[in-house]
Amino acid sequence: MANAAAVDSHDHDHHDHKPPFFQRWFMSTNHKDIGTLYLIFSLTMLFLGGAMALVIRAELFQPGLQFVDPHFFNQMTTVHALIMVFGAVMPGFVGFANWMLPLMVGAPDMALPRMNNWSFWILPFAFTILLSSFFVPGGAPAAGWTLYAPLTIQGGMSVDMAIVAIHMMGISSIMGAINVIVTVLNMRAPGMTLMKMPMFVWTWLITAFLLIAVMPVFAGAVTMLLTDRHFGTAFFDPAGGGDPVLYQHIFWFFGHPEVYIMILPAFGIISHIIPTFARKPLFGYSSMVFATAAIAFLSFIVWAHHMFTVGMPLQGELFFMYATMLISVPTGVKVFNWVTTMWRGSMTFETPMLYAIGVVFLFTMGGLSGLMLAITPADFQYHDTYFVVAHFHYVLFSGAVMAMMGGAYFWLPKWTGHMYNESLGKIHFWLTAIFFNVTFFPQHFLGLAGMPRRYADYPVQFTEFNQWSSVGAFGLGISQLLFVYIVIATVRGGKKATAEVWENPEGLEWTVPSPAPFHTFDDPPVVK
Amino acid sequence: MSAQANLVVKLVIICGVMFGFGYALVPLYEAFCRVTGFGGKTDIIQESVAQNAAQLNREVAVSFTSHASTNLPWEFKPVTRSMDIKIGEVQEAKFYVKNVSNRPITGMATFNVTPPRAGFHFKKTECFCFTEQLMQPGEEQEMVVRFMLDSQMPSDVQELTLSYTFFDNAKYAASGD
């Protein structure tokens, strides 16, 4: 008995015991530390991909060729996209999932902690391989992030490096997804039924199913590319009887669900922030859950809207047009629910709330331009123009990335135990929102006027809008340094955060102290 | 097996199945193209069947285009640029091919019909594109395609284009056909 008591007190004393530096960060199986690693990795990649975007914008400040040659320009557009999609947005959301899912469902850790460690540590190696392709003969892949055949059948060894890197990233995100599903389905606190789960948990559960359904398809597509390149198969090479359009079908069968993989967790984060600062429960919780599931289902039957111009039967074009437009119904349900949650709430506008409202506003604009692109005859005009570039940056930057920034401000006090500097946070929001619009809004006009994407040069009449866009891009990039400063300052010190942090927030994560101790929920909480 | 391990195994199986599904899309797409004519795929029939096909008193203007892939040093052009063809009539079109290099090269032609929905009703009985073609240095040939348009050809198709591309087959020659 005495022995048992000693063990108890031992456990209690070492509740917050952390291993030494190397073991803690390199061999970690703790969901919070791995979450932190993911988030740091994601932020690093955001700056790396952002630097490449600035090379693109510097070159496009004026017509003609100023700084880089067109081949390097194409490497920039390609690797910028690969890094942002697979290095910044996806790992960023996995970081949030690692940190928050166990806290939200009342679990002591992720279900498969060692696999968790492995899935993170694959990523730095994958991106080292991808980035070192800049130094091989011919430079990095330059065929666009979609790696369309037959161009990628011809590229240099950098294409092989990209394929290996993509396989590794795919394995990493599949393992992350399996971990999320097992955690959510098996480790919820007693009393937390599926329909009592917080929205972020729901959106991530559905995202994880999307991931395990489509990442293997993408792995298959790039494997076919690899065997076409080196092992004499002819899946896509017309010389051997293959069909390049087939690659586009397989790629976008992965690619469209991938788009929702990058936005559903953002919807989840927004669904936590808005009720907190509107001081009302989320309006229409169950419709939110079903809307998320509906979006996930529809994402599998709309892929060909990315390739209307390859020439497909009229019935096909009509089907993909209507199916695509159908997605705006569940998405509209979500937007209405967020707006209704705010309606007559006692709203305050702290930084996370500013970001959440910014996302609702700007993402919806991106959704609207998406609806325009879905119209098949109109798409023949917009296809591969800057209108498309503007559209997907409105949904990916002002949707996914700004939601993550809002989420970071929202949970930063829980992670660090300190309040961030509210005025700096607000300044960061306004700089980001304004420069974002300066960068990408003019690109709508450029696209409508016919400026094609992925070119290092353009006719003189496009100069003015491009200059707006370039100025905005540098402003946007530099503003993010402020974010880094705020985060570092908050980690180092600041006003002590309470366990609740905000006013009566909902969710189990607010029942643990701030900063969240190294081990939480060793005894599962009971949810009523 | 614990509930947890059980679930992990199921999820890994889903991943494996989806990896296979990516590959399954290849034959599915082939079948889809063959059935619908999508992608400008054409159909093959026996000469005897073609000779007995129903003829209609409707003409379609058929144009021919051809080119050799950039890394194949062949001259390749249609002898007749276009002809008006009665539905159901078996016709022959000739293409001029010359190997302008000083080495023997095996080429393989791919084809496509525009508009794609006409491809399904474009029936070949014989074509140089069915087999690999070996050309000696400087050799010239007239290559032949025999074909007919079947009576199901959509009535609003008044003109269509048959296009050929010759590729260097060296990379695939070993695998045969």
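Numbers given to residues run from 1 along each chain, matching the order in which its sequence is written. To read the labels, note that chains go from A and ligands from 1, taken in the order they are written. Residues qualify for local features only when their pLDDT is at least 70, as the model is predicted, and side-chain atom pairs are given and counted only at 80 or more; totals for whole chains, interfaces and linings, by contrast, use all residues. Where side-chain values are given, they derive from all heavy atoms of the structure, hydrogens and water being excluded.

**With respect to a nonpolar patch on the surface**
Then, in step 1: Surface patches are drawn from residues lacking salt bridges whose relative accessible area is over 30%; two like charges belong together within 9 Å, two nonpolar side chains (Val, Leu, Ile, Met, Phe, Trp, Tyr) within 5 Å. The protein chains shown are the only cover counted for residues, whose accessible areas, like all others here, come from Shrake-Rupley with a 1.4 Å probe. A carboxyl oxygen of Asp or Glu within 4 Å of a side-chain nitrogen of Lys or Arg is what we treat as a salt bridge. On the surface, Leu 185, Leu 194, Met 195, Phe 209 and Phe 290 of chain A together with Ile 14 of chain B cluster together into a nonpolar patch covering about 500 Å² of accessible area.
Then, in step 2: Secondary structure is summarised from DSSP: a helix means a run of H or I of at least four residues, a strand means a run of E of at least two, and numbering begins at the N terminus for each. By the element assignment, Phe 209 of chain A lies in helix 8 (residues 199-230).
Then, in step 3: Burial classes: relative accessible area under 20% of the type maximum marks a residue as buried, over 50% as exposed, and values in between as partly exposed (1.4 Å probe, protein chains only). You can call Phe 209 of chain A partly exposed: its relative accessible area is 34%.

**With respect to the packing of aromatic side chains**
Then, in step 1: When two rings of Phe, Tyr or Trp (its six-membered ring) have centres within 6.5 Å they constitute a pair, described as stacked for plane angles under 30 degrees, edge-to-face for angles over 60, and tilted for the intermediate range. Considering all chains together, one arrives at 62 aromatic pairs over all chains under this definition.
Then, in step 2: Ring centres of Phe 277 of chain A and Trp 502 of chain A lie 4.9 Å apart, and the angle between their planes is 70 degrees; on these two criteria the pair is classed as edge-to-face. With a gap of 225 residues between them, Phe 277 of chain A in helix 10 (residues 264-278) and Trp 502 of chain A in the segment after helix 18 (463-492) connect regions that are remote in the sequence. We note that Phe 277 of chain A, like Trp 502 of chain A, is buried.
Then, in step 3: The interplanar angle of 80 degrees and the centroid separation of 5.1 Å between the aromatic rings of Phe 95 of chain B and Tyr 164 of chain B together place this pair among those described as edge-to-face. Residue Phe 95 of chain B is found in strand 5 (residues 91-99), and its partner Tyr 164 of chain B is found in strand 10 (residues 159-168); the two are separated by 69 residues along the sequence.
Then, in step 4: Whether a charge sits over a ring comes down to the Lys NZ or Arg CZ being within 6 Å of the ring centre and within 35 degrees of the ring normal. One Lys or Arg, Lys 123 of chain B, reaches over the ring of Phe 120 of chain B and ends 5.6 Å from the middle of that ring.
Then, in step 5: For the cation-ring pair, Lys 124 of chain B lies above Phe 111 of chain B, with the distance from its terminal atom to the ring centre recorded as 3.3 Å.

**Re the interface of chain B and chain A**
Then, in step 1: Here, two residues are considered to be in contact whenever any of their heavy atoms come within 4.5 Å of each other. In this complex, chain B contributes 25 residues to the contact, which on the side of chain A involves 37 residues.
Then, in step 2: The term buried area refers to how much accessible surface (probe radius 1.4 Å) is lost by two components on association, counted for both of them together. Both sides of the chain B and chain A interface together cover about 2600 Å² of buried area, and 75% of this is carbon and sulfur.
Then, in step 3: The term polar contact refers here to a pair of N or O atoms within 3.5 Å; inside protein, the definition further demands a hydrogen-donor-capable atom paired with an acceptor-capable atom, and it admits residues adjacent in sequence only when both atoms are side-chain atoms. Where chain B touches chain A, the interface holds 2 residue pairs in polar contact (both at pLDDT 80 or more).
Then, in step 4: Sorting the residues of the side of chain B that touches chain A by element identifies helix 1 (3-36), strand 6 (105-114), strand 10 and helix 4 (170-173) of chain B as the ones contributing at least two each.
Then, in step 5: For the side of chain B that touches chain A, the element with the most residues is helix 1 of chain B, which contributes 16 residues.
Then, in step 6: All residues other than Ala, Val, Leu, Ile, Met, Phe, Trp, Tyr, Cys, Pro, Asp, Glu, Lys and Arg, Gly among them, are scored as polar; the first ten of these are nonpolar and the last four charged. When grouped by side-chain class, the residues that make up the side of chain B that touches chain A number 18 nonpolar, 4 polar and 3 charged.

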